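What follows is the residue order along each chain.
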Amino acid sequence: MRRIVLCWIILLMLIGTGSPPAFAHAGLLSTTPRDGQVVQTSPGEITLEFSEPLEEGLIDLKLYDGNGRPIALAGPILAAGDAARMRAEPPKLPDGTYTVVWSVVSEDGHPVNGSFSFSVGRSASGTIAPVSDGTSALIDRTLAVIRYVVEGTLLLGAGLHWLSWLGRRRGWPEGVREIGRGRWAVWFVLVAGLIAEGLLYLAALPGNGLASVFREGQWTILGQSPFLGMVGAQLALMLLAAVPGMVEGWYLVMWALAVGALAFGGHAWGIQPVWLAASFRILHLFALALWLGALTYLLLAMRWERKAGAAIEWGPFRRFFVRLALLASATALLSGAAMTVQQTDWAVLWTKGQTWSVLLCLKVTLTAVMLVLAITQTLRWRKHGRLTSPALLRWEWGAGALVLLAGVWMSQSAYPLPVTSYTKTFPAGDAQVVVQIPRVAPGTQIMTIEFPAPMTEPRQVLVQVSKPDAEVNRQPIPAERTGTGRYQADIPFSMYGTWTYRIDAAFHNGTHAEFTDTLFIPGGGETR
């Protein structure tokens, strides 16, 4: 069993080290200057527009010249009235090519970074990479490895605790149902891993959040990130789970809450409604914890039988574990399908999904392998009256460990946003005004407004959009007449979330008609 755990951890470290984490939750929608643009004069301002609101104080922007030397900037700051737009003022730049390196924290707490280049006066061939000591990349990779280990260990530990409790209730042999020293080893790995996870996350924040918190006393940063909130909650729950002398239910609840907290550290914040997205994830996590915990428990039981030289009455085990595996696998499959349907569109999985889609396919394939192995072992168990193939059980356990890895990796990768449209029909006297948006996604989208006959055609149509929770209130946008009774406007949905729009149609007789509605712009995924 120890060899399996060691191989799992080594595999996680190899994958995490070889592939930098793809923290792609806040998408960069546009930049000024544009990537690769050649401007004739030095820009007075560098702006970046994102698909999500950013956290003030958790943004960073660096500018490098063609030799990789840093150039001092005034800023960066968030634009007034638009928390999704970051801006900075450079000094007067001589002709040459420049690289902008940005780093922000998305609303769900994930660090996101990237770069783009532009030229002043002339176009240069290629770009010069900025000077870097590699520390940031090392922190990112280390954080990714620790996340894999902590989240996998948490699910495994929770599953074992729940199975241990069930074993005591059912009177299973003492040696089988006791986890022993492994219980504290799991607890230590989690506590140490969570502390390291929090510190590395702070160190990876723009502007070195670790120094900002502990050296400069900016404690408000701790409350700005849902990810830090999740880590802090899990650490507190693990410390509470170590309190001695409590009733058994206390420890079970602490582990259950720690597993449930994982649902709030990823994509759930970019999906509406959040409570439903989190519910699907909690069910999925509980199912995986039970499934992997049951497999681990069976391996421990077989090990105890071999070392103790005593035969286990496998009949009661078989009936219980078959039912448990069936419940866990069905819940994992159904909740996983519900998560996918809610956050993306099957039609775009293989056209835009890339990494996320491949991981989803891998996860489904591995789950199918686990089911086949489980059915094979169950049939053999039923025929011979006892477990006869430890090797198959280890393979199923290994497949389950890879399923967890794929799930953690998916939570750090951008998923393809669903391709949806919006249509709203408003009554207007004896006619109906139709408002359409062909593509509902962050960024500038086209809104079409149709005033059908016999309505009088308006002399002016203004569209105003706002996002009250982010204090975004755009100036009215004039809609352009594109045909009889047909108007069109470019609407800047600069971040995901719930937006309100108001259409004001002014007619030649001095009257006005207003049409108002809200719509949700999905986020957290790949927008390009």
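Scroll up a little and you will see the structure.
Conventions we followed
- Residues numbered from 1 in each chain as written.
- Predicted model: local features only at pLDDT ≥ 70, side-chain atom pairs only at ≥ 80, totals over all residues.
- Heavy atoms only, no water.
- Salt bridge = Lys/Arg side-chain N within 4 Å of Asp/Glu carboxyl O.
- Helix = DSSP H or I, 4+ residues; strand = E, 2+ residues; numbered from the N terminus.
- Buried < 20%, exposed > 50% of the residue type's maximum accessible area, 1.4 Å probe, protein only.
- Lys, Arg positive; Asp, Glu negative; His and termini not counted.
- Polar contact = N/O pair within 3.5 Å; in protein donor to acceptor, adjacent residues only side chain to side chain.
- Contact = heavy atoms within 4.5 Å.
- Pairing = 2+ DSSP bridges.
- Core = buried A, V, L, I, M, F, W, Y, C linked by side-chain atoms within 4.5 Å.
- Axes fitted to C-alpha atoms, helices over the stretch in contact; angles between N-to-C directions.
- Parallel < 35°, antiparallel > 145°, perpendicular 65-115°, else oblique.
- Left-handed = near helix turned anticlockwise from the far one by under 90°.
- Nonpolar A, V, L, I, M, F, W, Y, C, P; charged D, E, K, R; others polar.

Student: Got a minute to help me understand the pattern of salt bridges in this structure?
Tutor: Two side chains with opposite charge may pair up if their charged atoms get near one another. Going through the model one piece at a time under the given rule, you end up with 8 salt bridges. Across the pair E49 and R85 runs a salt bridge, and its minimum N-O distance is 3.5 Å. Taken together, the positions of E49 in strand 3 (residues 46–50) and R85 in strand 7 (residues 82–89) put the pair 36 residues apart, joining distant regions of the chain. The salt bridge involving E457 is made with R481; its shortest N-O contact spans 2.5 Å.

Student: Mind showing me how you'd approach the side chain of K363 here?
Tutor: Within the element layout of this structure, K363 appears in helix 11 (residues 355–384). Of the side chains with opposite charge, E151 lies nearest to the buried K363, which makes no salt bridge, at 10 Å. A distance of 2.9 Å separates the side chain of K363 from the side chain of H284, its partner in a polar contact. Excluding its chain neighbours within four sequence positions, the residues that come into contact with K363 are H284, V403, A406, G407 and M410.

Student: Which parts of the structure should I look at to understand the pairing of strand 20 (residues 512–521)?
Tutor: The side chains of a regular strand alternate between the sheet's two faces. In strand 20, alternate side chains face the same way, and those of A513, F515, D517, L519 and I521 are buried while those of H512, E514, T516, T518 and F520 on the opposite face are not. Examined bridge by bridge, strand 19 (residues 497–506) and strand 20 share 10 bridges and lie antiparallel to one another. The residue bridging A505 from the neighbouring strand is A513, located in strand 20. Remark: 5 residues form the turn of the hairpin made by strand 19 and strand 20, two consecutive strands paired antiparallel; G510 in that turn has positive phi of roughly 95 degrees.

Student: Is there a simple way to think about the nonpolar core in this case?
Tutor: Side chains of nonpolar character tend, in soluble globular proteins, to be buried together. One finds L154, W162, M238, W255, W314 and F321 to be the most contacted residues of the largest nonpolar core, which totals 71 residues. The set of elements that each furnish at least two residues to this core consists of helix 2 (135–170), helix 4 (181–204), helix 6 (226–241), helix 7 (248–261), helix 8 (274–308), helix 9 (314–343), helix 11 and helix 12 (390–411). Per element, the largest residue contribution to this core is 14 residues, and it comes from helix 8. Counting residues in each nonpolar core, the second largest holds 31 residues, with V440, I449, V463 and M495 among its members.

Student: Would you mind showing me how to read the packing of helix 11 against helix 12 here?
Tutor: A pair of packed helices is captured by two measures, namely the crossing angle of their axes and the spacing between those axes. Close contact between helix 11 and helix 12 brings their axes to 9 Å; oriented N to C, the two are set at 160 degrees. With respect to helix 12, the element helix 11 is oriented roughly antiparallel. With respect to the hand of their crossing, helix 11 and helix 12 are arranged in left-handed fashion. Seen from helix 11, the contacting residues are W356, L359, L360, K363, L366, T367, M370, L373, A374, T376, Q377 and R380; seen from helix 12, they are L392, L393, W395, E396, A399, G400, L402, V403, A406, G407, W409 and M410. Along the lines of polarity and charge, the residues of the contact of helix 11 with helix 12 split into 16 nonpolar, 5 polar and 3 charged.

Student: Hey, could you run me through the sheet that holds strand 6 (residues 74–79) in this one?
Tutor: The strands making up a sheet associate through backbone hydrogen bonding, with each pair oriented either parallel or antiparallel. Overall, antiparallel pairing links the 4 strands, which are arranged 1-3-7-6 in an open sheet. The open sheet terminates on both sides in strands that have one partner only, identified here as strand 1 (28–32) and strand 6. Mean inter-strand twist for the sheet, computed between neighbouring axes without regard to direction, equals 15 degrees. Bridge analysis of strand 1 against strand 3 gives 4 bridges, and the strand direction is antiparallel. Each bridged residue has a counterpart across the sheet, and for S30 the counterpart in strand 3 is E49.

Student: Any chance you could explain the sheet that holds strand 13 (residues 443–450) here in plain terms?
Tutor: One open sheet accounts for 5 strands, arranged 11-12-13-18-17; its pairing is antiparallel. Two strands bound the open sheet, and with one partner strand each, they are strand 11 (422–428) and strand 17 (480–483). When the angles between neighbouring strand axes are averaged without regard to direction, this sheet yields 25 degrees. Note that strand 12 (residues 431–437) and strand 13 share 3 bridges and pair antiparallel. Counterpart to Q436 in the pairing with strand 13 is T448.

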